[in-house]
Amino acid sequence: MDIAASARTDCGPVRENNEDALLLDHDNLIFIVADGMGGHAAGEVASRMAVDTIHELLLGQQDPEETRLVRNFQFEDTSSILRERLRYAFNQASISIRKTADEHTETRGMGTTAVALVLDGAHAHLAHVGDSRAYLCRDGQLQRLTRDHTVVQQEIDAGRLTPELARLLPHRNILTQSIGFQGPVEPDTATRVVQPGDRFLLCTDGLTDVLTDAALNDLMGRGLIDDLAESLVEAALTAHASDNITVVCVEIR
Ligand code: CA
């Protein structure tokens, strides 16, 4: 698969640490963004551990436990196997972060979001936990591919809150699940058929807190992919982002 990609992370003007992490593995077509939380730099530890663990497990030979799991489910198609591998990798990341957190007082309670994109032939496989998002821009139209694991998203789904009002609430970033905090997680996974010209965006809430989907649609549809990550971060900074901002942009050629 011929692709082009760009990525950028920025601490933003307010925070002292950048607790986001990203991975852009062009050779293996694996892309990950994570947004860590926890005091005393623990968020940085959690997001980096999540990105590295998920990457390692996706790359590596399947370990015996994973092989048993995949065989037991008797998945027939590669898409199901890849989604199951993503689910497994997210859970292993969560378990090892939880273990590290329990062993060191300074990292107790740390956690992270993660969103991963794996391209394989004509397919894009996605997994996420938390409020880091994936978007697809096709023919100039932006679609959100992930549903935030947040309290406000649950309220929106129940019809008790509008997305417009949700953007203004101070507790909008409270997560219903995060990697590392509880141990096991239930990532949402999906597979999509890709088309030439498709542009994927993975991002943390530092971007989406200040840019609406309409604003993102406008930015994602234009310019060169090489400049896109930079343009998105610049737009977020101009819109007075206060959080860390991280974006990974991938274009199918
Ligand atoms: Ca954040």
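As shown above, the structure is provided for reference.
Bear in mind the structure is a predicted one, so any value in this text is a computation, not a measurement. Throughout, a residue's number is its position along its own chain's written sequence, starting from 1. Reporting of local features is limited, given that this is a predicted model, to residues whose pLDDT is at least 70; pairs of side-chain atoms are given and counted only at 80 or more, and all residues count toward the totals for whole chains, interfaces and linings. Heavy atoms from the whole structure form the basis of all side-chain values; hydrogens and water molecules are not counted.

(A) Just the overall build of the protein chain, in detail. The helix count covers DSSP runs of H or I at least four residues long, the strand count covers runs of E at least two residues long, and both are numbered beginning at the N terminus. Counting its regular elements, the protein chain contains eight helices and 11 strands. Considering only C-alpha atoms, the protein chain reaches an extent of 50 × 45 × 35 Å along its principal axes. By residue count, 49% of the 253 residues in the protein chain fall in the buried class. Residue contacts are counted whenever heavy atoms from the two residues lie within 4.5 Å of one another. Restricting the contact set of the protein chain to residue pairs at least 6 apart, pairs at least 24 apart contribute 70%. Using a 1.4 Å probe, accessible areas were evaluated by the Shrake-Rupley method; residue-level cover was limited to the displayed protein chains. Carbon and sulfur atoms make up 49% of the accessible area of the protein chain, which amounts to about 11700 Å² in all. Think of it this way: Lys and Arg go in the positive column, Asp and Glu in the negative one, and His and the chain ends go nowhere. Each charge is placed at NZ for Lys, CZ for Arg, CG for Asp and CD for Glu. Separation between the mean location of the 22 positive side-chain charges and that of the 40 negative ones in the protein chain comes to 4 Å. Partly exposed residues are those whose accessible area sits between 20% and 50% of the maximum for their type, while under 20% is buried and over 50% is exposed, using a 1.4 Å probe and protein chains only.

(B) View of the packing of helix α7 (residues 213-220) against helix α8 (residues 225-238). Relative orientation of the contacting elements α7 and α8 amounts to 145 degrees, with a least axis distance of 10 Å. When the axes of α7 and α8 are compared, the crossing they make is right-handed. Residues Leu 216, Leu 219 and Met 220 of α7 touch α8, and the partners they reach there are Leu 228, Leu 232 and Ala 235. Three classes are used, and their members are as follows: Ala, Val, Leu, Ile, Met, Phe, Trp, Tyr, Cys and Pro are nonpolar, Asp, Glu, Lys and Arg are charged, and the others, Gly among them, are polar. In terms of residue class, the contact of α7 with α8 is made up of six nonpolar, no polar and no charged. Comment: axis = line fitted to C-alpha atoms, over the contacting stretch for helices; angle = value between 0 and 180 degrees taken between N-to-C directions. Left-handed describes a crossing in which the near helix is turned anticlockwise from the far one by less than a right angle; the clockwise case is right-handed.

(C) Representation of α8 within the structure. Expected helix span is computed as 1.5 Å times (number of residues minus one). With 14 residues, α8 should cover 20 Å at 1.5 Å per step; its first-to-last C-alpha distance of 20 Å lies within 8% of that length. Considered for burial, the residues of α8 that qualify are Ile 225, Leu 228, Ala 229, Leu 232, Val 233, Ala 235 and Ala 236. Looking one or two places after α8, you find His 240, whose phi comes out positive at around 65 degrees.

(D) Local environment of the pattern of salt bridges. Salt bridges are identified by distance alone: a Lys or Arg side-chain nitrogen within 4 Å of an Asp or Glu carboxyl oxygen. Summed over the entire model, instances satisfying the criterion amount to 16 salt bridges. We note a salt bridge from Asp 148 to Arg 133, for which the minimum N-O separation is 2.7 Å. Of this pair, Asp 148 sits in the loop between β8 (141-144) and α4 (151-157) while Arg 133 sits in strand β7 (residues 133-138); the two residues are 15 residues apart in sequence, bridging distant segments of the chain. According to the relative accessible area criterion, Arg 133 is buried, its value standing at 10%. Among the ionic pairs, Asp 213 bridges to Arg 133, the shortest N-O distance being 3.9 Å. Here Asp 213 is found in helix α7, whereas its partner Arg 133 is found in strand β7, with 80 residues between them in sequence. Using a relative accessible area of 27% as the deciding quantity, one classes Asp 213 as partly exposed.

(E) Inspection of α7 at higher detail. Of all the residues in α7, the buried ones are Leu 216, Leu 219 and Met 220. Down the axis of α7, the smallest arc covering the buried residues is 95 degrees, so these residues share one side. Each element contacted by the buried residues of α7 is listed here: β7, β8, β10 (199-203), α6 (205-208) and α8. Here, the arc refers to the directions that run from the helix axis to the C-beta atoms.

(F) Layout of the sheet that holds strand β1 (residues 3-10). Pairing between two strands requires that DSSP report at least two bridges joining them. Read across the open sheet, the five strands follow the order β1-β11-β10-β7-β8; overall the sheet is antiparallel. The sheet is open, and its two edges are formed by β1 and β8, each paired on a single side. Taken pair by pair, the neighbouring strands of this sheet meet at an average axis angle of 15 degrees, ignoring direction. α7 contacts β7, β8 and β10 of the sheet and is inclined by roughly 130 degrees relative to β8. On the sheet, α8 packs against β1, β10 and β11 (245-252) and is oriented at approximately 25 degrees with respect to β1.

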